[in-house]
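Listed below are the residues making up each chain.
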Amino acid sequence: MNTSVVGKNLRKVDGVKLVTGGAAFTDDVQLPGLLYGKILPSPHAHARIVRIDASSAGGRARGPYL
Amino acid sequence: MKKLTIRLTVNAEPKEWSIAPGDLLLDVLRHEGYFGAKRGCEKGECGACTVLVEGKPINSCLMFAAQADGRELLTIEGLAHGDRLDPLQEAFLDHGASQCGFCTPGMILAAKALLDKNPDPSEREVREAMTGNYCRCTGYVKPVEAVLAAAKVYRRAR
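Small disclaimer: the values here were computed from a predicted structure and weren't measured.

Parameters and conventions
Residues numbered from 1 in each chain as written. Chains lettered and ligands numbered in written order. Predicted model: local features only at pLDDT ≥ 70, side-chain atom pairs only at ≥ 80, totals over all residues. Helix = DSSP H or I, 4+ residues; strand = E, 2+ residues; numbered from the N terminus. Rg over C-alpha atoms; globule rule 2.2 N^0.38 Å. Pairing = 2+ DSSP bridges. Axes fitted to C-alpha atoms, helices over the stretch in contact; angles between N-to-C directions.

Participant: I'd love a proper account of the overall build of chain B, names of residues and values included.
Facilitator: Looking only at helices and strands, one finds five helices and five strands in chain B. Listed N to C, the secondary structure of chain B is β-β-α-β-β-β-α-α-α-α in terms of helices and strands. In summary, chain B has a C-alpha radius of gyration of 16 Å against a globular reference of 15 Å for 158 residues, a match within 12%. Considered along the principal axes of its C-alpha atoms, chain B spans approximately 50 × 30 × 25 Å.

The following block contains the structure:
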């Protein structure tokens, strides 16, 4: 068993990325065709979703709706 | 939307960007590829989006990009010189002051603003300078230790 690191302070393997701004967190990943989500709460309690009126988004909103 | 052009210096490089008047500095920086400025709370509470404007730590989520016109900015990407890390970056590594690392760029830049002004701060002064930077992993003891250690190197470099 290799115990050469026991009791030693070691730098994290991803440390340099973290201190230089090079680490990519989820929000830093940009993929082609990336979709942006928006939550549209229902104005009615316990209602069934029949349709979604996205006209106030000026025609920029498009599916998929989840 | 009407566009306007701003000219500024980012990490010692001159930039000319076309922006909308209402664009936030954080959004423009990230759009231009400076992902080290993190989008945390977007209301000036967490400090993850901190960048230095004329050496002062600024929540870039609270500043319009238009206000950066003609200014000099430093982001975390511009702190190291090639492979040579800033003493603050070295100290954060040596002291295990970065866990998930999301708050790290903002913390390091806030600390840099302090040490550039006062390279011999007390622990209290370090804590005060970093009150605007939240860590949600592990706490503040190690970052404070790291800044105090880096301060020694800053003092020697003077």
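So that's the structure; there's more coming.
Participant: Before we move on, could you go through the pairing of strand 2 (residues 13-19) of chain B and cite the residues and values that matter?
Facilitator: Residues and elements named next belong to chain B. For strand 1 (residues 4-10) and strand 2, the ladder comprises seven bridges, and the chain directions are antiparallel. By the bridge assignment, Arg7 is partnered in strand 2 with Glu16. Here strand 1 folds back onto strand 2, and the loop between the two strands holds two residues, one of which, Asn11, carries a positive phi near 50 degrees.

Participant: I'd love a proper account of the sheet that holds strand 5 (residues 72-74) of chain B, names of residues and values included.
Facilitator: All names here are of chain B. Across the sheet, five strands lie side by side as 2-1-5-3-4; this open sheet has mixed pairing. The open sheet has two free edges, formed respectively by strand 2 and strand 4 (56-59), since each of these has just one partner strand. Strand after strand, the sheet turns through a mean of 40 degrees between neighbouring axes, direction not considered. With four bridges connecting them, strand 3 (residues 50-53) and strand 4 associate as antiparallel partners.

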